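So you can see what is in the structure, the chains are spelled out below.
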Amino acid sequence: MKKKTQLFLELWQEARTRFSNLLPHLTEEDLKKKLPPSANSIGFLIRHIGDVELLFAKNVFGGKEVKVIAKTVIAQKDTGEWTNLTELKQYVDHSFRTLKSIIEKQEDVDWETTITTKEFGVKTKAEAFGRIVSHTTHHSGQMAIILKYGV
């Protein structure tokens, strides 16, 4: 029988394929695409997913060693600077590996631990984890629509 941590890890990794499967097909030109009237480009959304994964590793799972400057969260809008595909792919690879590493350190009892954040209040780690899963898939869906219909 698998432990909770292994099951949660598998769930997150499978859900994240909605995002990771888009990355190999992107071009630098795609990064600037938006779906008017939305201000968020594909490049911004990629960076935002990475920012939030690192914030989760640090703030939800207690990764004190995690360094993050969540530029997309700080700016709260697309500043137009997310145009380097190689850098963005490296950033989300780093955010994936960082979050995966800290998830793997969780014991079954940890998932029932209560945490408090200003973004979504008091939740168990398991409940909070639902946020990162849905956050990434939500923005991945936006990216897919922008790729199809955006300019």
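Our subject is the structure listed above.
Residues numbered from 1 in each chain as written. Predicted model: local features only at pLDDT ≥ 70, side-chain atom pairs only at ≥ 80, totals over all residues. Heavy atoms only, no water.

(A) Examining the side chain of Asp30 more closely. With respect to the element layout, Asp30 can be found in the loop between helix 1 (4–20) and helix 2 (42–60). Looking at Asp30, its side chain comes within polar contact range of the main-chain nitrogen of Thr27, at 2.9 Å. The contact partners of Asp30, leaving out residues within four places of it in the chain, are His25, Ile42 and Leu147. (Helix = DSSP H or I, 4+ residues; strand = E, 2+ residues; numbered from the N terminus. Polar contact = N/O pair within 3.5 Å; in protein donor to acceptor, adjacent residues only side chain to side chain. Contact = heavy atoms within 4.5 Å.)

(B) Region of interest: the packing of aromatic side chains. Overall, the coordinates contain 7 aromatic pairs when judged by the stated rule. Summarising the aromatic geometry, the rings of Phe8 and Trp111 are spaced 4.3 Å apart at their centres and angled 35 degrees between planes, so their arrangement reads as tilted. Linking Phe8 in helix 1 with Trp111 in the loop between helix 4 (85–104) and strand 1 (114–117), this pair joins segments that are 103 residues apart in sequence. Residue Phe8 is classed as partly exposed on the basis of its relative accessible area, which comes to 22%. Using a relative accessible area of 1% as the deciding quantity, one classes Trp111 as buried. Aromatic ring contacts, followed pair by pair, group Phe8, Phe61, Trp111 and Phe129 into a single cluster. (Phe/Tyr/Trp six-rings, centres within 6.5 Å; stacked < 30°, edge-to-face > 60°. Buried < 20%, exposed > 50% of the residue type's maximum accessible area, 1.4 Å probe, protein only.)

(C) Representation of the pairing of strand 2 (residues 121–124) within the structure. The pairing of strand 1 with strand 2 spans 4 bridges and is antiparallel. Opposite Thr116, over in strand 2, you have Val122 as the bridge partner. Counted along the chain from strand 1 to the antiparallel partner strand 2, the turn is 3 residues long. (Pairing = 2+ DSSP bridges.)

(D) Seen up close, the pattern of salt bridges. Across all of its chains, the model carries 7 salt bridges by this definition. Glu112 serves as the salt-bridge partner of Lys4, at 2.5 Å between the closest nitrogen and oxygen. With Lys4 in helix 1 and Glu112 in the loop between helix 4 and strand 1, this pair connects stretches of sequence that are 108 residues apart. The exposure class of Lys4 is partly exposed, given its relative accessible area of 32%. Ionic pairing is found between Glu104 and Lys100, a salt bridge with its closest N-O pair at 2.7 Å. Of this pair, Glu104 and Lys100 are both found in helix 4, 4 residues apart, which corresponds to roughly one turn of the helix. (Salt bridge = Lys/Arg side-chain N within 4 Å of Asp/Glu carboxyl O.)

(E) Local environment of the packing of helix 2 against helix 5 (residues 125–149). Following both chains from N to C, one finds helix 2 and helix 5 inclined at 175 degrees, their axes separated by 10 Å at the closest point. On the basis of the axis angle, helix 2 is roughly antiparallel to helix 5. Between helix 2 and helix 5, the residues in contact are Ile42, Leu45, Ile46, His48, Ile49, Val52, Glu53, Phe56 and Val60 and Lys125, Ala128, Arg131, Ile132, His135, Thr136, His139, Ser140, Gln142, Met143, Ile146 and Leu147, respectively. Counted by class, the contact of helix 2 with helix 5 contains 12 nonpolar, 6 polar and 3 charged residues. (Axes fitted to C-alpha atoms, helices over the stretch in contact; angles between N-to-C directions. Parallel < 35°, antiparallel > 145°, perpendicular 65-115°, else oblique. Nonpolar A, V, L, I, M, F, W, Y, C, P; charged D, E, K, R; others polar.)

(F) Looking closely at the packing of helix 1 against helix 4. Relative to each other, helix 1 and helix 4 sit at 165 degrees, their axes nearing to 10 Å. Of the possible angle classes, the one that applies to helix 1 and helix 4 is roughly antiparallel. Regarding helix 1 and helix 4, the two cross each other, and that crossing is right-handed. Touching Thr5, Leu9, Trp12, Gln13, Arg16 and Phe19 of helix 1 are Val92, Ser95, Phe96, Leu99, Lys100, Ile103 and Glu104, all from helix 4. Here the residues of the contact of helix 1 with helix 4 sort into 7 nonpolar, 3 polar and 3 charged. (Left-handed = near helix turned anticlockwise from the far one by under 90°.)

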